[in-house]
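What follows is each chain in one-letter form.
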Amino acid sequence: MSQFFKTSTTWVVDFRYQGRPRRWFKAFDPGVDAHGKVSTLLHDLYGERAQLVEVRKATPEEETQYLRGEEAKNVFCPTGRPARSDREP
């Protein structure tokens with residue numbers, strides 16, 4: 001991908017929500033403190049229920065999957081099943 005058209009950086013965010021591992025992909029402008037932004041966002045959304053584990057730049061393969069919408073929805077679930085909602089029996 002040409003750098004001329006690429007104006008953001010994709011980051012992989014690993015965190016725990018109520019002790020369960022979660023993963024987000026987030027895009028930020030170059031020069032933004034991604035770790036600080038994500039830490040603040042998690043605290044604002046979840047308070048003490050979330051714990052930041054790692055923030056790192058996505059690999060080219062992860063970024064391509066993310067841009068195409070092909071990334072695993074819950075990469076930590078070995079069965080590949082979607083997360084249950086509270087509305088399901």
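Here the structure is a predicted model, which means the values were calculated and not measured. (Residues numbered from 1 in each chain as written. Predicted model: local features only at pLDDT ≥ 70, side-chain atom pairs only at ≥ 80, totals over all residues. Heavy atoms only, no water.)

Trainee: Now, about the overall build of the chain: what can you tell me, with residues and values included?
Mentor: Each helix and strand counted, the chain has two helices and three strands in total. Each helix and strand of the chain, ordered N terminal to C terminal, gives the series β-β-α-β-α. Sequence separation of 24 or more characterises 49% of the internal contacts of the chain that already satisfy a separation of 6 or more. Only carbon and sulfur atoms are counted for the fraction: they give 49% of the accessible area of the chain, which is about 6900 Å². (Helix = DSSP H or I, 4+ residues; strand = E, 2+ residues; numbered from the N terminus. Contact = heavy atoms within 4.5 Å. Areas by Shrake-Rupley, 256 points an atom, 1.4 Å probe, with all protein chains shown as cover.)

Trainee: Go over the sheet that holds strand β3 (residues 50-57) with me, naming the residues and quoting the values.
Mentor: Judged by pairing direction, the sheet is antiparallel, and its three strands sit side by side in the order β2-β1-β3 without closing on themselves. With one partner strand each, in any of the chains shown, β2 (20-28) and β3 form the two edges of the open sheet. On average, each strand axis in the sheet is tilted by 25° relative to the strand beside it, whichever way the strands run. Where strand β1 (residues 9-17) lies against β3, seven bridges are found, and the strand directions are antiparallel. Among the inter-strand pairings, Trp11 is bridged to a residue of β3, identified as Lys57. On the sheet, helix α1 (residues 34-46) packs against β1, β2 and β3 and is oriented at approximately 155° with respect to β3. (Pairing = 2+ DSSP bridges. Axes fitted to C-alpha atoms, helices over the stretch in contact; angles between N-to-C directions.)

Trainee: Residue-level account of the pattern of salt bridges, with values.
Mentor: In total, this model carries two salt bridges according to the counting rule given. Of the charged contacts, one joins Arg23 and Asp14 as a salt bridge, the two residues approaching to 2.6 Å between their closest N and O atoms. On the basis of relative accessibility, which here comes to 26%, the residue Arg23 falls in the partly exposed class. Take Asp14: its relative accessible area is 9%, and that puts it in the buried class. (Salt bridge = Lys/Arg side-chain N within 4 Å of Asp/Glu carboxyl O. Buried < 20%, exposed > 50% of the residue type's maximum accessible area, 1.4 Å probe, protein only.)

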